Amino acid sequence: MYHVAILANLKKNAPRRPGQPKDAWADLDSEHTIEALADVLRQTGHRVTFIEANADLPDKLREVRPDICFNIAEGHHGDSREAQVPALLELLQIPYTGSRVLTSAISLNKTVTKRIWKSFGLRTAPFQEFSHPDEPLAPDLNFPLFVKPAREGTGIGVGASSVVRNEHDLRAQAAHVIRTYEQPALVERFLAGRELTVGVIGNPPNQYVFPPIEVSINGDGGIYGFYAKSENVDAFSWRMPTLEPAFLAKLQKLVLDAHNAIGALDVSRVDVRCDEDDVPYLLEINTLPGLSPGFSDLAIAADAIGMGYPWLVTTILNLACQRFGLPAPEPVIPTSEAIQAAK
Ligand SMILES: Nc1ncnc2c1ncn2[C@@H]1O[C@H](COP(=O)(O)OP(=O)(O)O)[C@@H](O)[C@H]1O
Ligand SMILES: [Mg+2]
């Protein structure tokens, strides 16, 4: 068994800046999640050390000398903050779970991700990135539109006011995003239909696409933003919809292709939203999906398929061990029946 270092950025230790928005650092982790991960890993026989992924991390890693890192660190600063820990671990040649440097940088950036998906012919809504609020609007973008920060997560900068119905509101919301979050605003077609989130686990050729979870938000314009993810979690509800087999197969293929297009490893969760005709579009991919037991969408999905949270956590670790040639139990990857049927 291994000495596993859990690397994360805790919400409670996040740097504070004067005037920062109330949703700053919403994507960071709670101690509860770290304890839950550590419990599972310890129960599987590993030795576990938690290390905060801050500027002391290089020194701490040399001191702790883990065999492998369970990485869920989103980082604090920079345009590719989720890629920093993978880069450091590659520099130090320490094995780690999840996606590598390039994929982690791509997936944080929703605009770049969408450009890649588009180049693969994967369905994602028409979009334009605004570095300045007064850029001319592309002719294929018709109102209503949706405005969000290009590289955040967990609903940061997202809510009812992200939906804009005229040019004035578009410019105002884009200016707000650019100024408040100090990054470009991604503007895309507003998708008026239902919302699905779909997990992927495994590595080629053994990948499993979870059954989609349909999420519904009561209030805040039905948007799964900061309000529903952090401020009022009771506004969130979910169900496992019964989907028509052909729709399910196409959706799961779209999600798997989206995961593989950016070279994601071990695990991800892809957010999808349908238009008014129930046609699904890729919104974004989370290569560090939330792992709060019983609460994060992927943990809910693992429970819903009867595999459970300990399976989710140990499988992520065992997949990474397998990739790095560290002896470990064979990861248990279920079969995606709908995908098999579609092949
Ligand atoms: N183009 C869109 N049309 C309608 N709703 C959207 C659109 N983009 C995002 N949303 C809503 O905002 C939420 C958060 O957006 P998302 O791109 O998943 O960012 P993140 O989860 O990283 O904050 C989505 O779950 C969805 O409810
Ligand atoms: Mg999302």
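Residues numbered from 1 in each chain as written. Chains lettered and ligands numbered in written order. Predicted model: local features only at pLDDT ≥ 70, side-chain atom pairs only at ≥ 80, totals over all residues.

1. Regarding the overall build of the protein chain
Here is step 1: A tally of helices and strands in the protein chain yields 11 helices and 13 strands.
Here is step 2: Dimensions of the protein chain, computed from the C-alpha atoms along their principal axes, are close to 60 × 55 × 40 Å.
Here is step 3: Nonlocal contacts in the protein chain, meaning residues at least 24 apart in sequence, comprise 66% of its contacts between residues at least 6 apart. (Helix = DSSP H or I, 4+ residues; strand = E, 2+ residues; numbered from the N terminus. Contact = placed C-beta atoms within 7 Å.)

2. Brief notes about the site of ligand 1
Here is step 1: Around ligand 1 sit 22 residues in total, of which Phe 146, Gly 153, Leu 191, Tyr 224 and Glu 284 are the nearest.
Here is step 2: Looking at the shell around ligand 1, the elements with two or more residues in it are strand S5 (145-149), strand S7 (185-189), strand S12 (267-274) and strand S13 (280-286).
Here is step 3: Taken together, the residues of the shell around ligand 1 sort by class into nine nonpolar, four polar and nine charged.
Here is step 4: Shared between two domains, the shell around ligand 1 takes at least three residues from each, and those domains are domain 2 (126-189) and domain 3 (195-342). (Near = placed C-beta within 6 Å. Nonpolar A, V, L, I, M, F, W, Y, C, P; charged D, E, K, R; others polar. Domains from an automatic or database assignment.)

3. Points about the sheet that holds S7
Here is step 1: Here we have four strands laid out as an open sheet, ordered S4-S7-S5-S6, and antiparallel in their pairing. Either end of the sheet is taken by a strand with one partner, and the two such strands are strand S4 (127-130) and strand S6 (163-164).
Here is step 2: By the bridge criterion, two bridges tie S5 to S6 in an arrangement that is antiparallel. The residue bridging Leu 145 from the neighbouring strand is Val 164, located in S6.
Here is step 3: Most of the contacts of helix H6 (residues 167-181) go to S5, to which it runs at about 10°, and overall it touches S4, S5, S6 and S7. (Pairing = 2+ DSSP bridges. Axes fitted to C-alpha atoms, helices over the stretch in contact; angles between N-to-C directions.)

4. Here we look at the domain arrangement of the protein chain
Quite often, the size of an interface is put as the accessible area lost when its parts meet.
Here is step 1: Partitioning the protein chain into structural domains gives domain 1 (3-107), domain 2 (126-189) and domain 3 (195-342).
Here is step 2: The C-alpha-based centres of domain 1 and domain 2 are spaced at 30 Å.
Here is step 3: When its residues are assigned to classes, the side of domain 1 that touches domain 2 shows two nonpolar, no polar and four charged.

5. Thoughts on the pairing of strand S9 (residues 206-209)
Here is step 1: In the sheet, strand S8 (residues 195-203) pairs with S9 via four bridges, with the strands oriented antiparallel. Each residue of the ladder has a partner; that of Ile 201, found in S9, is Tyr 208.
Here is step 2: If you look at the hairpin formed by S8 and S9, you'll find two residues sitting between the two strands.

6. Overview of the nonpolar core
Here is step 1: If you look at the biggest cluster of nonpolar residues, it comprises 82 residues, and the most contacted ones within it are Leu 7, Leu 37, Val 255 and Val 272.
Here is step 2: Each of domain 1 (3-107) and domain 3 (195-342) gives at least three residues to this core.
Here is step 3: Ignoring sequence-local partners within four residues, the contact set of Leu 37 consists of Ile 6, Phe 70, Leu 291 and Val 313.
Here is step 4: Core analysis: the second largest hydrophobic core is formed by 15 residues, Ala 150, Ala 174, Ala 185 and Phe 190 among them. (Core = buried A, V, L, I, M, F, W, Y, C linked by C-beta atoms within 7 Å. Buried ≥ 20, exposed ≤ 12 C-beta atoms within 10 Å, placed from the backbone.)

7. As for the sheet that holds strand S1 (residues 3-8)
Here is step 1: The parallel open sheet is built from three strands, whose spatial order is S2-S1-S3. Every other strand in the sheet has two partners, leaving strand S2 (47-52) and strand S3 (68-71) as the edge strands with one partner each. Strand after strand, the sheet turns through a mean of 30° between neighbouring axes, direction not considered.
Here is step 2: Of the pairings in the sheet, the one linking S1 to S3 comprises four bridges and is parallel in character.

8. Side note on the packing of helix H9 (residues 297-304) against helix H10 (residues 309-324)
Here is step 1: Between H9 and H10, the least distance of the axes is 8 Å, while the angle of their chain directions is 115°. In terms of orientation, H9 lies roughly perpendicular with respect to H10. Taken together, the residues of H10 that come into contact with H9 (itself represented by Leu 298, Ala 299, Ala 302 and Asp 303) are Tyr 309, Trp 311 and Leu 312.
Here is step 2: For the contact of H9 with H10, a count of residues per class yields six nonpolar, no polar and one charged. (Parallel < 35°, antiparallel > 145°, perpendicular 65-115°, else oblique.)

9. Some words on the pairing of S5
Here is step 1: Burial runs high along S5: five of the five residues are buried.
Here is step 2: By the bridge criterion, five bridges tie S5 to S7 in an arrangement that is antiparallel. Pairing of Val 147 across the sheet is with Val 187, part of S7.

10. Some details on helix H8 (residues 245-261)
Here is step 1: Over its 17 residues, H8 extends 24 Å from the first C-alpha to the last, a length consistent with the 24 Å expected when each residue adds 1.5 Å.
Here is step 2: Those residues of H8 that sit buried are Leu 248, Ala 249, Leu 251, Gln 252, Leu 254, Val 255, Leu 256, Ala 258, His 259 and Ala 261.
Here is step 3: At the C-terminal side of H8, Gly 263 shows a positive phi close to 70°. (Expected span 1.5 Å × (residues − 1).)

11. Concerning helix H3 (residues 84-91)
Here is step 1: Turning to H3, its buried residues are Gln 84, Val 85, Pro 86, Leu 88 and Leu 89.
Here is step 2: Gln 93 occupies a position one or two residues after H3 and carries a positive phi of about 55°.

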